[in-house]
Amino acid sequence: MYAQLVETGAAEGGPEEQAFQERIDRNVQIEPRDWMPAGYRKTLVRQISQHAHSEVVGQAPEGNWITRAPSLQRKAILLAKVQDEAGHGLYLYCAAETLGISRDQLTEQLLTGKAKYSSIFNEPTLTWADVGAIGWLVDGAAIMNQVPLQRCSYGPYGRAMVRICKEESFHQRQGFDIMRALAHGTEKQKAMAQDALNRWWWPSLMMFGPSDKDSTHSAQSMRWGIKQNSNDELRQKFVDQTAPQAAWLGLTVPDPELAWNEEKGCFDFGEPDWDAFMAILKGNGTMNRERLNARNKAWDDGDWYREGLMAHAAKHEAAKTAAE
Ligand code: FAQ
């Protein structure tokens, strides 16, 4: 199927590519059967699948707290949130499949460690406050990145983002509410909230990717209308939105360089530790190995179920053929 889709077009750089770019410049979305340059298809498969893998792996840090949520209500909310993340992974795998790659291929890339997923999910969740910090900061950063992706030039990705963004907003609110309860609670609870902010602040800034000068794909992805904003633009917006929220909570952002810049009308802030970021991307973050092992175990444990489904489908197919 992939080969078939790729071969439907004419040579790149020719009139088809010009018409394609003009269409993007007019904000007309590209659909699965339209001609597209091979590089556009490849970039989308890379980004959408990394995004899908992030949603799937991203269930682990919070899933780890479902049995330890402090009340029935918090538990029900967290359960729903984690299930939503699994659903986001599924919409995104479907969007990637429209580009001619199969779910099995995508899964294999994740399980063998060939595919990336967001660096943030290699952080451990040590306390209940981490669940609040994830909702507030990680979902907050995800929304900042994903709202513009609703206007992505590739139709199936943009449309998947519409629903995902609605759900992420609920996630962000529930995380902020956990932080509010802790930050306005006992001294011990406030200290727990501060500790979570200290550990999740910088990894959240890294979610937006390397700085613009080191981003390999941004310029072309922006020309193709896949990305609407650069990594640094979105990081800045995130800091501008989140720093006042931290102040409202009575918490301190762990960045001595964070300061309002009156002239520029935005916050100045420090540089994330890009060496640490690169180490995580190379598989050396605190939880990289555990996350991949968990995904591999989940895949192996589901083997009997997939086998049953295939046997059922084969039986159904044979009965249909016999009846014809
Ligand atoms: N982690 O040239 P760029 C969520 C890689 S969803 C790991 O700037 P690009 C919901 C990048 O892939 C979170 N790798 O790349 C949730 C590339 O490597 P490659 C996921 C990263 O694509 C909440 C290389 O570095 N969201 O959180 C990261 O133009 C709570 C060079 O980078 C998305 O995926 C990173 N942080 O920009 C779930 C959004 N950053 O492929 C559960 C869609 C960069 O050449 C609980 N993705 N890299 O080997 C995007 O918007 C973009 O792909 C960026 C990166 C902005 C992430």
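The residue numbers shown here count from 1 along each chain, following its written sequence. At least 70 in pLDDT is required for a residue's local features to be given in this predicted model, at least 80 for side-chain atom pairs to be given and counted, and no such filter applies to totals for whole chains, interfaces and linings, which use all residues. Just so you know, side-chain values use all the structure's heavy atoms and leave hydrogens and water out.

Undergrad: Would you mind showing me how to read a nonpolar patch on the surface here?
TA: Like charges are joined within 9 Å and nonpolar side chains (Val, Leu, Ile, Met, Phe, Trp, Tyr) within 5 Å, but only among residues with over 30% relative accessible area and no salt bridge; these make up the patches. Using the Shrake-Rupley algorithm and a 1.4 Å probe, accessible areas are obtained, with residue cover drawn only from the displayed protein chains. A side-chain nitrogen of Lys or Arg and a carboxyl oxygen of Asp or Glu constitute a salt bridge if their distance falls within 4 Å. A cluster of nonpolar side chains, Trp304, Tyr305 and Leu309, forms an exposed patch at the surface whose accessible area comes to about 400 Å². Secondary structure elements are taken from DSSP: a helix is a run of H or I of four residues or more, a strand is a run of E of two residues or more, and numbering for both begins at the N terminus. Tracing the backbone through its elements, the reader meets tyrosine 305 in helix H14 (residues 303-323).

Undergrad: Would you mind going over the nonpolar core with me for this structure?
TA: In globular proteins that are soluble, nonpolar side chains generally tend to be buried together. Among the nonpolar cores identified, the biggest contains 67 residues, and Tyr40, Leu44, Ile48, Tyr154 and Tyr157 are the most heavily contacted of them. Secondary-structure elements contributing two or more residues to this core are helix H2 (15-25), helix H3 (38-57), helix H5 (72-97), helix H6 (103-111), helix H7 (128-149), helix H8 (155-183), helix H9 (187-206) and helix H11 (231-249). Here this core takes eleven residues from H7, the largest share from any one element. The contact criterion used is simple: two residues touch if any of their non-hydrogen atoms lie within 4.5 Å. Once you skip the residues sitting within four places of it in the chain, tyrosine 40 turns out to touch Phe20, Ile24, Ile30, Ser153, Tyr154, Trp224 and Ile226. Put simply, a nonpolar core is a bunch of buried Ala, Val, Leu, Ile, Met, Phe, Trp, Tyr and Cys residues held in one set by side-chain atoms that sit within 4.5 Å of each other. Accessibility here uses a 1.4 Å probe with only protein chains present; expressed as a share of the type maximum, an area under 20% marks a residue as buried, one over 50% as exposed, and anything in between as partly exposed.

Undergrad: Even after reading the chapter, I still don't get the site of the ligand, so can you show me in this structure?
TA: Around the ligand, the surrounding shell holds 36 residues, and the nearest of these are Lys116, Ser215, His217, Lys227 and Asn231. Serine 119 has a polar backbone atom sitting 2.8 Å from a nitrogen atom of the ligand. The fraction of the free accessible surface of the ligand (1100 Å²) that becomes covered by protein chains is 90%. Residues are called lining when one of their atoms sits within 4 Å of a cavity or pocket point, these points coming from a 1 Å grid over the protein atoms alone, where a cavity is a set in which a 1.4 Å probe fits but cannot get out and a pocket is an open set with protein on both sides within 12 Å along at least five of seven lines. The rule for placing a molecule in a cavity or pocket is simple: more than half of its atoms must lie within 2 Å of the grid points. Because more than half of its atoms lie within 2 Å of the grid, the ligand is assigned to the largest pocket. Being near a molecule or strand, for a residue, comes down to having at least one heavy atom within 4 Å of it. Think of a polar contact as two N or O atoms within 3.5 Å of one another; within protein, one of them needs to be a possible hydrogen donor and the other a possible acceptor, and neighboring residues in sequence only count if both atoms come from side chains.

Undergrad: Help me out: how do you make sense of the packing of aromatic side chains in this one?
TA: Note on aromatic pairs: each is described by the distance of the centres and the angle between the planes. What counts as a ring pair is set by centres within 6.5 Å for rings of Phe, Tyr and Trp (its six-membered ring), and what kind of pair is set by the plane angle: stacked under 30 degrees, edge-to-face over 60, tilted for all other angles. This structure, assessed with the given rule, holds eleven aromatic pairs. Arranged with centres 6.0 Å apart and planes meeting at 65°, the rings of tryptophan 136 and phenylalanine 176 form a pair that is edge-to-face. With a gap of 40 residues between them, tryptophan 136 in helix H7 and phenylalanine 176 in helix H8 connect regions that are remote in the sequence. Residue class for tryptophan 136 comes out buried when judged on its relative accessible area of 1%. Pairing tryptophan 260 with phenylalanine 267 gives two aromatic rings, centres 5.1 Å apart and planes at 75°, and the pair type is edge-to-face. The exposure class assigned to tryptophan 260 is partly exposed, which follows from its relative accessible area of 45%. Feature note: the residues Phe20, Trp35, Tyr40 and Trp224 constitute an aromatic cluster, connected by ring pairs. Two conditions define a charge sitting above a ring: the NZ of Lys or the CZ of Arg must be within 6 Å of the ring centre, and it must be within 35 degrees of the ring normal. Against the face of tryptophan 65 rests arginine 68, its NZ or CZ located 3.9 Å from the ring centre.

Shape descriptors only; they carry no functional weight alone.
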